[in-house]
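Chain by chain, the residues run as shown.
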Amino acid sequence: MSEFNDVTVVREANVYFGGKVTSRTVKFGDGTKKTLGFMMPGEYAFDTGAAEVMEIIGGEMDVQLPGSTHWRTVKAGESFDVPAHSKFNLVVKEYADYCCAYLED
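What counts, and where the lines are drawn
- Residues numbered from 1 in each chain as written.
- Predicted model: local features only at pLDDT ≥ 70, side-chain atom pairs only at ≥ 80, totals over all residues.
- Heavy atoms only, no water.
- Core = buried A, V, L, I, M, F, W, Y, C linked by side-chain atoms within 4.5 Å.
- Buried < 20%, exposed > 50% of the residue type's maximum accessible area, 1.4 Å probe, protein only.
- Helix = DSSP H or I, 4+ residues; strand = E, 2+ residues; numbered from the N terminus.
- Contact = heavy atoms within 4.5 Å.
- Salt bridge = Lys/Arg side-chain N within 4 Å of Asp/Glu carboxyl O.
- Polar contact = N/O pair within 3.5 Å; in protein donor to acceptor, adjacent residues only side chain to side chain.

Considering the nonpolar core
Part 1: Of all hydrophobic cores here, the largest spans 17 residues; its most connected members are Met 39, Met 54, Met 61, Phe 80, Phe 88 and Leu 90.
Part 2: Listed by contribution, the elements that provide at least two residues to this core are strand S5 (42-47), strand S6 (51-64), strand S8 (79-82), strand S9 (87-92) and strand S10 (96-103).
Part 3: Take this core: its biggest share by element is four residues, from S6.
Part 4: Residues in contact with Met 54, not counting those within four places in the same chain, are Met 39, Glu 78, Ser 79, Phe 80, Phe 88, Tyr 98, Cys 99 and Cys 100.

Remarks on the pattern of salt bridges
Part 1: All told, the structure shown has two salt bridges when counted by the stated rule.
Part 2: Of the charged contacts, one joins Glu 12 and Arg 11 as a salt bridge, the two residues approaching to 3.0 Å between their closest N and O atoms.
Part 3: The closest approach of N and O atoms between Asp 62 and Lys 93, which form a salt bridge, is 3.1 Å. Of this pair, Asp 62 sits in strand S6 while Lys 93 sits in the loop between S9 and S10, and the two are 31 residues apart along the sequence.
Part 4: Residue class for Lys 93 comes out exposed when judged on its relative accessible area of 58%.

Things to note about the side chain of Thr 25
Part 1: Turning to its location among the elements, Thr 25 is positioned in strand S3 (residues 21-28).
Part 2: Take Thr 25: its relative accessible area is 11%, and that puts it in the buried class.
Part 3: There is a polar contact of 3.2 Å between the side chain of Thr 25 and the side chain of Asn 14.
Part 4: Setting aside its immediate chain neighbours within four residues, Thr 25 contacts Thr 8, Val 9, Val 10, Asn 14, Lys 33, Lys 34 and Thr 35.

Brief notes about the environment of Phe 80
Part 1: Considering the arrangement of structural elements, one finds Phe 80 in strand S8.
Part 2: With 26 residues separating them in the primary sequence, Phe 80 and Met 54 have C-alpha atoms 5.4 Å apart.
Part 3: In contact with Phe 80, not counting residues within four places along its chain, are Glu 52, Val 53, Met 54, Ile 56, Met 61, Val 63, Leu 65, Arg 72, Val 74, Phe 88 and Leu 90.

A closer look at unusual backbone geometry
Part 1: Within the chain, Asp 6 stands out as a residue other than glycine whose phi angle is a positive 55°.
Part 2: Its place among the elements puts Asp 6 in the segment before strand S1 (7-9).
Part 3: According to the relative accessible area criterion, Asp 6 is exposed, its value standing at 77%.
Part 4: Within the chain, Phe 17 stands out as a residue other than glycine whose phi angle is a positive 50°.
Part 5: Within the secondary structure, Phe 17 sits in the loop between strand S2 (14-16) and S3.
Part 6: The partly exposed category is assigned to Phe 17, whose relative accessible area is 38%.

This is the structure we're talking about:
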């Protein structure tokens, strides 16, 4: 899906890691939400509340999921799942354009 219809976009940006990671929250009529974001090169660690599905729209990143010592490269058109209440690590070498869907617990 390349666009979302009938949504509310939160005007203020979510800014992390000194501005190297930014996103905007998109709220849907059914109560679900997603963020559309962009990551500059760097190494990042994120904590989750809800379970997430991270879809890479452009660029790529290396991801280390909770409980794993393995790093996996995820490229544009691919996605990965992150469990609720966990921590995951990312390495972005050039850039990553992403859409993150938050799943209900």
